[in-house]
Amino acid sequence: MNQEPEQIENERLEIKLLLEAIYLKYGYDFRNYACAHTKRRLEHRLNVDSMENYSAMQHRLIHDEAFFNTLLLDLSINVTEMFRDPWVYSKVRELVVPHLKTYPFIKIWHAGCSAGQEVYSMGILLEEEGIKERSQIYATDFNELILQKAKQGIYPMDVIREYTANYQKSGGKQSFSDYYTADYDNVVIKQSLKDKVLFSSHNLVTDGVFGEMNLIFCRNVLIYFDRELQNRVFNLFYESLCPGGFLCLGSKESLRFSSVADKFEVVSGREKIYRKKR
Ligand SMILES: C[S@@+](CC[C@H](N)C(=O)[O-])C[C@H]1O[C@@H](n2cnc3c(N)ncnc32)[C@H](O)[C@@H]1O
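Keep in mind the model is a prediction, meaning the values are calculated, not measured.

Caption draft 1: Up close: helix α10 (residues 227-240). For α10, built from 14 residues, the straight-helix expectation of 20 Å at 1.5 Å per residue is met to within 8% by its first-to-last C-alpha distance of 20 Å. Of all the positions in α10, only Gln230, Val233, Phe234, Phe237, Tyr238 and Ser240 are classed as buried. Looking straight down α10, one finds its buried side chains confined to an arc of 165°; they lie on one side. Looking at the buried positions of α10, the neighbouring elements they touch are β1 (106-111), β7 (213-218), β8 (241-249) and β10 (273-276).

Below you can see the structure in the form of structure tokens.
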């Protein structure tokens, strides 16, 4: 249905006020998320809960925290998988790991780690490259519920075939089944991989720097942010990396045209791997 210009303008205003209310009441800042993404997700909730308009939604979320938590899940897309885009992991093995091997201690940050699949993929890679024991992985997300899942490391059995294929394409050196135990319809990631990870809540929009990282993975998160917010987060990563540290973004994300573009060199364009200049 086509909307009148005034109606569109009013709706935009209502959404703006709603995002402001979320920020003021709960501290989550979606004000600089990409408009189209935010609108799509809010529209979905509006329809599912048969609400009249975004002002009604604003009223409800202020007075009903459970509703806000549902909305939070709507606004944060958690889609992920193990060894997602396997060619990225093989490039990391080829171009990043040789540098990591030169450090006595390695610090890796997964920002926006979702349910942990990306994090455990990295743990496996480090183990196979013989550097897991001197590595510490920090895994963060702003969504507490998804972080709980990540800590548990329990995934449905029916996705394992796909994860196994990804692992093999990524240059995996063992049998993928070495890294989990089967438990009825689920698999549980083995404890020695979990032990290497510190999971914590961190909001890329409002929280600060992580110190002296050798590698930051932030994949398929910034795609939901507008340019201004992306630049803010790129600066946060720049500050969090040690000189010569690596940054890996998602396939649709790029440092090109960003405010930090000249502070990084491109290690691999297709895989979106960058290195902080010394
Ligand atoms: C699509 S998932 C990507 C997961 C994984 N990095 C991957 O590429 O498979 C995006 C994740 O970013 C998280 N996220 C979104 N906004 C965030 C923010 N402001 N701070 C921290 N995490 C955020 C979401 O909760 C979600 O888990």
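Still more ground to cover, so stick around.
Caption draft 2: Broad picture of the nonpolar core. In terms of nonpolar packing, the biggest core is built from 56 residues, with Val119, Leu215, Ile216, Cys218, Phe237, Leu247 and Cys248 touching the most fellow members. With six residues, helix α6 (residues 117-128) is the largest single contributor of residues to this core. If you look at the next biggest cluster of nonpolar residues, it comprises 10 residues, including Ile15, Leu42, Tyr54 and Leu61.

Caption draft 3: Seen up close, the domain arrangement of the protein. The domain boundaries assigned to the protein delineate domain 1 (5-75) and domain 2 (86-276). Here the C-alpha centroids of domain 1 and domain 2 sit 30 Å apart. Facing the seven residues of domain 1 at the interface are eight residues of domain 2. Partitioned by chemical class, the residues of the side of domain 1 that touches domain 2 number three nonpolar, three polar and one charged.

Caption draft 4: Structural context of the packing of helix α2 (residues 35-48) against helix α4 (residues 65-75). Across the interface, α2 lies against α4 with an axial gap of 9 Å and an inter-helix angle of 135°. Judged by the angle between their axes, α2 and α4 are oblique. In this structure, α2 crosses over α4, and the sense of that crossing is right-handed. Contacts between α2 and α4 involve Thr38, Arg41, His44 and Arg45 from the first element and Leu71, Asp74 and Leu75 from the second.

Caption draft 5: Spatial organisation of the sheet that holds strand β2 (residues 135-141). The strand order across the open sheet built from seven strands is β6-β2-β1-β7-β8-β10-β9, with neighbouring strands paired in mixed fashion. Edge positions in the open sheet fall to β6 (197-201) and β9 (264-268), since each of these has one partner strand only. Each neighbouring strand pair of the sheet contributes to a mean axis angle of 20°, computed without reference to strand direction. In this sheet, β8 lies alongside β7 in parallel orientation, the contact comprising five bridges. By the bridge assignment, Cys218 is partnered in β8 with Leu249. Each of β2 and β6 touches helix α7 (residues 144-152); the most contacted strand, β6, lies at about 170° to it.

Definitions and limits used
- Residues numbered from 1 in each chain as written.
- Predicted model: local features only at pLDDT ≥ 70, side-chain atom pairs only at ≥ 80, totals over all residues.
- Helix = DSSP H or I, 4+ residues; strand = E, 2+ residues; numbered from the N terminus.
- Expected span 1.5 Å × (residues − 1).
- Buried ≥ 20, exposed ≤ 12 C-beta atoms within 10 Å, placed from the backbone.
- Arc of directions from axis to C-beta.
- Contact = placed C-beta atoms within 7 Å.
- Core = buried A, V, L, I, M, F, W, Y, C linked by C-beta atoms within 7 Å.
- Domains from an automatic or database assignment.
- Nonpolar A, V, L, I, M, F, W, Y, C, P; charged D, E, K, R; others polar.
- Axes fitted to C-alpha atoms, helices over the stretch in contact; angles between N-to-C directions.
- Parallel < 35°, antiparallel > 145°, perpendicular 65-115°, else oblique.
- Left-handed = near helix turned anticlockwise from the far one by under 90°.
- Pairing = 2+ DSSP bridges.

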